[in-house]
Amino acid sequence: MTSTPADSAAIISIRGLRKSFGEHVVLNGIDFDVIPKQVIVVIGPSGSGKSTFLRCCNGLEQAEGGRVDICGRTLVNEGCMLPDADLNALREEVGMVFQSFNLFPHLSVRDNITLGPRKLRGLSRAQAQIEADVLLQKVGLTQKADAMPASLSGGQKQRVAIARALAMKPRVMLFDEPTSALDPELVGEVLQVMKLLASEGMTMMVVTHEMDFAKEVADVVVVMDGGIIIEAGPPETIFTNPTQERTRGFLQAVLSRT
Amino acid sequence: MELDFSPVWTGWTQLLEGALITVEITSVSLLLGCALGLLAGIGRLNPARRLIYGVCTAYVAAVRGTPLLVQLFILFFGLPQFGILLPAFLCGVLGLGVYSGAYVSEIVRGAIQSIDRGQMEAARSIGLSSSQAMQSVILPQAVVRMIPPLGNEFIALIKNSALVSLLTIHDLMHEGQKIISVSYRSLEVYLAIAVLYFVLTGITTLALRKLERHLKAGGMVQ
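To start, this report covers the structure provided alongside it.

Here is what the cut-offs are and how they apply
Residues numbered from 1 in each chain as written. Chains lettered and ligands numbered in written order. Predicted model: local features only at pLDDT ≥ 70, side-chain atom pairs only at ≥ 80, totals over all residues. Heavy atoms only, no water. Axes fitted to C-alpha atoms, helices over the stretch in contact; angles between N-to-C directions. Helix = DSSP H or I, 4+ residues; strand = E, 2+ residues; numbered from the N terminus. Parallel < 35°, antiparallel > 145°, perpendicular 65-115°, else oblique. Left-handed = near helix turned anticlockwise from the far one by under 90°. Contact = heavy atoms within 4.5 Å. Nonpolar A, V, L, I, M, F, W, Y, C, P; charged D, E, K, R; others polar. Buried < 20%, exposed > 50% of the residue type's maximum accessible area, 1.4 Å probe, protein only. Pairing = 2+ DSSP bridges. Core = buried A, V, L, I, M, F, W, Y, C linked by side-chain atoms within 4.5 Å. Salt bridge = Lys/Arg side-chain N within 4 Å of Asp/Glu carboxyl O.

## Observations concerning the packing of helix α2 (residues 12-43) of chain B against helix α3 (residues 50-64) of chain B
Residue and element names in this part refer to chain B.
Here is step 1 of the chain: Closest axis-to-axis distance for the α2/α3 pair is 8 Å, and the angle between their directions is 130°. Relative to α3, the element α2 is oriented oblique. Like other packed secondary-structure pairs, α2 and α3 cross with a definite hand, here left-handed. Residues L36, L39, A40 and G43 of α2 lie in contact with α3, whose contacting residues are I52, Y53, C56 and Y59.
Here is step 2 of the chain: Residue composition of the contact of α2 with α3, grouped by class: seven nonpolar, one polar and no charged.

What follows is the structure, given as structure tokens:
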């Protein structure tokens, strides 16, 4: 198991993270640090615990063991979660993008984006709309501001979901397989927005099967299998000279598919 | 046999006044039922909150497991034994509202649980509290799904309201029976009562259908 030494400058620090669903152990001792502006891409076979790992980083899953410090707060420590009010405040700083978009279907694109800022950052509707329009421009969807989510393509929905997360001005963005539910021709538009964010210095943790994205954008590629990190390092090392046999096998299987 | 509707024509204002009381008692009971149903439905979402869950579950079980008529009689004839003498209209509203609330609570619970888990996760992930998420994200979607079963419940409530005639409330049923007691034309008057109930339930059905169509047009329903 690769264990990165503790870094006081880390924006995310994970130590001995363990999580089970009933008898099934999903995370079996994860140690990892993310420093600001890093782009971490998490890869690994299905069921290796990647998504659970990510979801433990904003408290959507409660880890039973170990510790997660993120954005200066201890999210969980040996099964003890941050109190609800602090957890809500923390989540404002940690944006999350889901595989299935999870846009609010009863709200227009603009209202999806302004809901958080209006309810939590105390912005007026007008102020929130100005910010939303800037974000929509960034994700290339200015013309869809008044559309309802049902009328959007998958790629457009995911770009709105990214804008919605960005509206809270997060310090970290978590992406849980953001392109896995998309038709192949729509993957590019979402990755493009993610690359833009990375180039602007957003700290990102991305669970994905898009190996080209990992090669191009990641600072560190994390390979998970069986609930542990089997290998982590810069993409050039992981993709050309992995030290672990399991990494080699996984990459062969994935890369031969594409 | 000859049908003679003349008692209905001479007593039609009396029947309409009764129908108005029926509308009043049903409307107030409906509001009470929806309020109780919403609270009990949300209370039954999380078994981990044992006290709230237990109270709400006991309420639903007790009310659904006993006849409405018995509940109404307990309120009207039973409570006075403890010196609690409630006006008949209030007994009717309480009885119907509490009864309806138990059924509405299951509609509320079912609709909320049918909303994809990802909606709550997405709402929580931007920092909304669970009550903010419930209010802004889950309930607006769940309400749309509640409309068809709530329509059934509203119609059942209108029809069940006929039982309050036994509490001396001058509703449609009660007024009809008064006409029968002097005219002895049971069939004709009961037919007239049936038609008036049918009109009331029909208006409710149409109104709910219109509301559903309106929400669909607004993109609330996919």
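Now that the structure has been shown, the text picks up again.
## A word on unusual backbone geometry
The general pattern is negative phi for most residues beyond glycine and trans for most peptide bonds.
All names here are of chain A.
Here is step 1 of the chain: The phi dihedral of C71 is positive, around 50°, even though this residue is not glycine.
Here is step 2 of the chain: A relative accessible area of 8% places C71 in the buried class.
Here is step 3 of the chain: At N102, a residue that is not glycine, the phi angle is positive and equals roughly 55°.
Here is step 4 of the chain: Along the chain, N102 turns up in the loop between β7 (94-97) and α3 (109-120).
Here is step 5 of the chain: Judged by its relative accessible area of 5%, N102 is buried.

## Some points on the sheet that holds strand β9 (residues 203-207) of chain A
Residues and elements named next belong to chain A.
Here is step 1 of the chain: Taken in spatial order, the six strands of this open sheet run β7-β8-β9-β3-β10-β11, and their pairing is mixed. Looking along the sheet, the strands with just one partner apiece sit at the ends: β7 and β11 (228-233). Each adjacent strand pair in this sheet contributes to an overall mean axis angle of 20°, direction not counted.
Here is step 2 of the chain: Across four bridges, β7 lies against strand β8 (residues 172-176) in parallel orientation. Considered in β8, the bridge of V94 is made with V172.
Here is step 3 of the chain: Along the sheet, helix α5 (residues 154-166) makes contact with β7 and β8, crossing β7 at roughly 170°.

## Topic: the nonpolar core
Here is step 1 of the chain: L17, F53 and M205 of chain A are the most contacted members of the largest nonpolar core, which totals 63 residues.
Here is step 2 of the chain: Here this core gets eleven residues from one element, more than from any other, and that element is helix α7 (residues 130-160) of chain B.
Here is step 3 of the chain: Other than its neighbours up to four places away in sequence, M205 of chain A contacts I12, V34, I40, V42, F53, L54, C57, M173, L174 and F175 of chain A.
Here is step 4 of the chain: The next biggest cluster of nonpolar side chains, apart from the first, holds 51 residues, and it includes V41, M194, F239 and L251 of chain A.

## Quick word on the pattern of salt bridges
Here is step 1 of the chain: Enumeration over the complete set of coordinates arrives at 23 salt bridges over all chains.
Here is step 2 of the chain: A salt bridge links R15 of chain A to D33 of chain A; its shortest N-O distance comes to 2.8 Å. A residue pair is termed long-range when its members are at least 10 positions apart, and R15 of chain A in strand β1 (residues 12-21) and D33 of chain A in strand β2 (residues 24-34) qualify at 18 residues.
Here is step 3 of the chain: Taking the relative accessible area as the measure of exposure, D33 of chain A reaches 6% and is therefore buried.
Here is step 4 of the chain: Between E106 of chain B and R109 of chain B there is a salt bridge, with its nearest N and O atoms 3.1 Å apart. Of the two residues, E106 of chain B and R109 of chain B both sit in helix α5 (residues 88-114), three residues apart, roughly one turn of that helix.
Here is step 5 of the chain: A cluster of three or more residues bridged by salt bridges with shared partners is formed by R55 and E61 of chain A together with R117 and E121 of chain B.

## Section: the sheet that holds β1 of chain A
All names here are of chain A.
Here is step 1 of the chain: Read across the open sheet, the five strands follow the order β2-β1-β4-β5-β6; overall the sheet is antiparallel. On the outer flanks of this sheet lie β2 and β6 (80-81), each paired with one strand and no other.
Here is step 2 of the chain: Where β1 meets strand β4 (residues 65-70), five bridges bridge the pair, whose relative direction is antiparallel. Residue pairing in the sheet places I12 in a bridge with I70 of β4.
Here is step 3 of the chain: The sheet contacts of helix α2 (residues 84-93) involve β4, β5 (73-77) and β6, and relative to β5 the element is tilted by about 115°.

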